[in-house]
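A structural walkthrough
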Amino acid sequence: MFKKSFTQQMPIPEGAIASAVEVMRTGRLHRYNTLDGELSETDLLEKQFADYLGVKYCLSCASGGYAIYIALLCVGVKAGEKVLCNAFTLAPVPGAITNAGGEPVLVETTADLTIDLNDLARKASQPDVRYLLLSHMRGHVADMNAIVDICDSYGVTLIEDCAHTMGAKWRGKASGTFGKVACFSAQTYKHINAGEGGFLVTNDDGVMAKAIIYSGSYMLFDQHPTLPPKEWFDEVACSTPNYSGRMDNLRAAILRPQLARLDRQCKRWNSLYAAMEDALSWLPGVVLTKRSDDEVFVGSSIQFSFPDLPAEHFPAFVRGCQRRGVALKWVGAPEPSGYSSKFNHWQYLAPSAPLPQTEKVLSTLIDMRIPLTFEESDAEVIAQIISDVLKQTQ
Ligand SMILES: *Cc1c(COP(=O)(O)O)cnc(C)c1O
């Protein structure tokens with residue numbers, strides 16, 4: 001029996017707690033509620049994250065999904081317009097596209113769990129396609145040079161969903177710096193934890209000006225620490241609706257010390273990931289997801305498949321592991337449960353062209369969280385339980 005919880009986070013660092021308490025003592029929790037010349041925790045967080053990524057602008061938001069939603073509006077998605085996205089992603093991604101009035105068009109997934117470049121090029125070449133919302137699902141980074149080339153050659157605007165790639169890189173360049181805009185999440189199960197929260201980052205003046213207004217700045221936009229030249233607001237300040245979705249100073253206070261430790265945390269995740277990968281690699285019939293040498297990833301979860309295990313064996317296998325304390329997610333499950341990420345569960349989508357490759361990849365795929373509350377030595381125990389249960393189910 002494995003006793004640790006797969007959903008147990010690390011405690012919030014004491015420094016972050018102290019800083020949150022300090023904010024509460026002031027009573028000034030709203031981001032624009034500042035004394036003369038004071039920078040709020042939210043302001044400081046935005047500067048810190050923009051510096052971390054090496055981008056001009058950062059806007060903190062109420063959630064990652066909200067950041068994606070306004071990012072799509074800011075780049076110009078109009079009602080009924082097609083937006084390409086990975087068929088393997090999480091529900092808030094097609095949800096944000098739908099919220100922005102767009103029509104998600106799903107792109108096939110490779111065995112490495114990245115977007116299929118051939119299917120992408122084919123779909124991006126359609127004359128009515130102008131946007132790609134690229135989701136680095138479960139932290140798997142596709143060949144970003146190839147993606148940027150495809151987008152450039154077909155005039156497609158790239159928006160990155162970096163919910164699982166905060167701290168990741170492609171050929172030394174930070175994930176979230178390849179497209180026109182990128183979005184991150186600070187929700188509990190991502191790489192920094194405020195319960196809820198998100199970021200929109202960009203180097204584009206026009207996008208940032210609009211994003212600030214959409215997020216609910218009223219006419220206080222010039223309080224933002226990462227601010228485009230004022231002329232940009234002449235155009236957008238009164239013509240852009242307020243879709244209220246700000247972050248508050250309490251969350252920002254909790255996040256700032258976590259962001260300062262992010263790279264250390266990512267190292268720790270990767271050492272747990274390496275231990276898990278090694279232990280799982282001994283399982284009979286297992287295929288671990290391949291990672292590119294060009295990718296610096298953050299191993300906050302691990303994916304593996306059993307291509308030869310018949311679909312009817314998966315429910316008993318997952319239940320057997322659960323009974324012994326190992327929480328696995330069968331991505332290919334026909335019925336949605338928990339954090340489902342199977343595209344055919346999103347019944348509000350327009351009927352999509354068949355996605356046989358994604359179907360096949362997901363049908364035998366297992367997803368496992370790696371919380372930082374685990375130790376390297378847990379990997380052996382987990383793999384042993386999986387191995388025992390596999391034997392019993394076959
Ligand atoms: C969590 C997640 C989001 C959205 O983040 P929230 O902050 O929960 O809205 C977007 N994309 C992916 C792939 C995610 O896992």
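First things first, this report covers the structure right here in the doc. (Residues numbered from 1 in each chain as written. Predicted model: local features only at pLDDT ≥ 70, side-chain atom pairs only at ≥ 80, totals over all residues. Heavy atoms only, no water.)

1. A few points about the sheet that holds strand β9 (residues 198-202)
Adjacent strands of a sheet form backbone hydrogen bonds with each other and so pair up, either parallel or antiparallel. On the basis of which strands lie adjacent, the open sheet formed by seven strands has the order β1-β9-β8-β5-β4-β2-β3 and mixed pairing. With one partner strand each, in any of the chains shown, β1 (57-61) and β3 (103-107) form the two edges of the open sheet. Neighbour to neighbour, the strand axes of the sheet diverge by 20 degrees on average, direction disregarded. As defined by bridge partners, strand β4 (residues 129-135) adjoins strand β5 (residues 157-161) across five bridges and the pair is classed as parallel. Across the sheet, residue Leu132 finds its bridge partner in β5, namely Leu158. (Pairing = 2+ DSSP bridges. Helix = DSSP H or I, 4+ residues; strand = E, 2+ residues; numbered from the N terminus. Axes fitted to C-alpha atoms, helices over the stretch in contact; angles between N-to-C directions.)

2. A word on the site of the ligand
Around the ligand there are 15 residues in total, and Gly65, Asp161, His164, Ser185 and Lys190 lie nearest to it. Asp161 places a polar side-chain atom, nitrogen or oxygen, 2.8 Å from a nitrogen atom of the ligand. A breakdown of the residues in the shell around the ligand according to their chemical character gives five nonpolar, eight polar and two charged. (Near = heavy atom within 4 Å. Polar contact = N/O pair within 3.5 Å; in protein donor to acceptor, adjacent residues only side chain to side chain. Nonpolar A, V, L, I, M, F, W, Y, C, P; charged D, E, K, R; others polar.)

3. Topic: the packing of helix α3 (residues 64-75) against helix α7 (residues 205-214)
The geometry of α3 relative to α7 is characterised by a closest axis approach of 9 Å and an angle of 130 degrees between their N-to-C directions. In this view, α3 runs oblique relative to α7, as classed from their interaxial angle. In this structure, the crossing between α3 and α7 has a hand that is right-handed. Facing α3, whose interface residues are Tyr66, Ile70, Leu73, Cys74 and Val75, α7 presents Val207, Lys210, Ala211 and Tyr214. A class-by-class count of the residues in the contact of α3 with α7 yields eight nonpolar, no polar and one charged. (Parallel < 35°, antiparallel > 145°, perpendicular 65-115°, else oblique. Left-handed = near helix turned anticlockwise from the far one by under 90°. Contact = heavy atoms within 4.5 Å.)

4. Regarding the packing of α3 against helix α4 (residues 92-99)
Axis separation between α3 and α4 bottoms out at 8 Å; the angle between their running directions is 40 degrees. By the criterion of interaxial angle, the relationship of α3 to α4 is oblique. Read as a crossing pair, α3 and α4 show a hand that is right-handed. Contact residues: Gly65, Ile68, Tyr69 and Leu72 in α3; Val93, Ala96, Ile97 and Asn99 in α4. In terms of residue class, the contact of α3 with α4 is built from six nonpolar, two polar and no charged.

5. Looking at helix α2 (residues 41-53)
Between its first and last C-alpha, α2 extends 18 Å over 13 residues, near the 18 Å set by a 1.5 Å rise per residue. Listed in full, the buried residues belonging to α2 are Glu41, Thr42, Asp43, Leu45, Glu46, Phe49, Ala50 and Leu53. In this fold, the buried residues of α2 make contact with α1 (14-26), β1, β7 (173-174), β8 (181-185), β9 and α9 (249-260). (Expected span 1.5 Å × (residues − 1). Buried < 20%, exposed > 50% of the residue type's maximum accessible area, 1.4 Å probe, protein only.)

6. As for the pattern of salt bridges
All chains considered together, the criterion is met by 18 salt bridges. We note a salt bridge from Glu81 to Arg130, for which the minimum N-O separation is 2.6 Å. Linking Glu81 in the loop between α3 and β2 (82-86) with Arg130 in strand β4, this pair joins segments that are 49 residues apart in sequence. Residue class for Glu81 comes out buried when judged on its relative accessible area of 15%. Relative accessible area serves as the criterion here: at 40%, Arg130 is assigned to the partly exposed category. (Salt bridge = Lys/Arg side-chain N within 4 Å of Asp/Glu carboxyl O.)

7. Observations regarding the nonpolar core
What tends to happen in soluble globular proteins is that the nonpolar side chains get buried as a cluster. Among the nonpolar cores identified, the biggest contains 61 residues, and Phe199, Phe304, Phe306, Phe317 and Ile386 are the most heavily contacted of them. Dropping the residues within four chain positions of it, Phe306 is found in contact with Leu283, Pro284, Gly285, Val286, Phe314, Phe317, Thr364, Ile366, Ile386 and Leu390. Residues Leu113, Ala209, Val236 and Leu355 belong to the second largest nonpolar core, which totals 51 residues. (Core = buried A, V, L, I, M, F, W, Y, C linked by side-chain atoms within 4.5 Å.)

8. Regarding α3
Taking 1.5 Å per residue, twelve residues should reach 16 Å; α3 reaches 17 Å between its end C-alpha atoms and fits that length. For α3, the buried fraction is high: eleven of the twelve residues fall into the buried class. Those residues of α3 that sit buried are Gly64, Tyr66, Ala67, Ile68, Tyr69, Ile70, Ala71, Leu72, Leu73, Cys74 and Val75. Capping the start of α3 is the job of one residue whose side-chain oxygen sits 3.4 Å from the backbone nitrogen of Gly65: Ser63. Downstream of α3 by a residue or two, Gly76 has a phi angle that is positive, lying close to 110 degrees.

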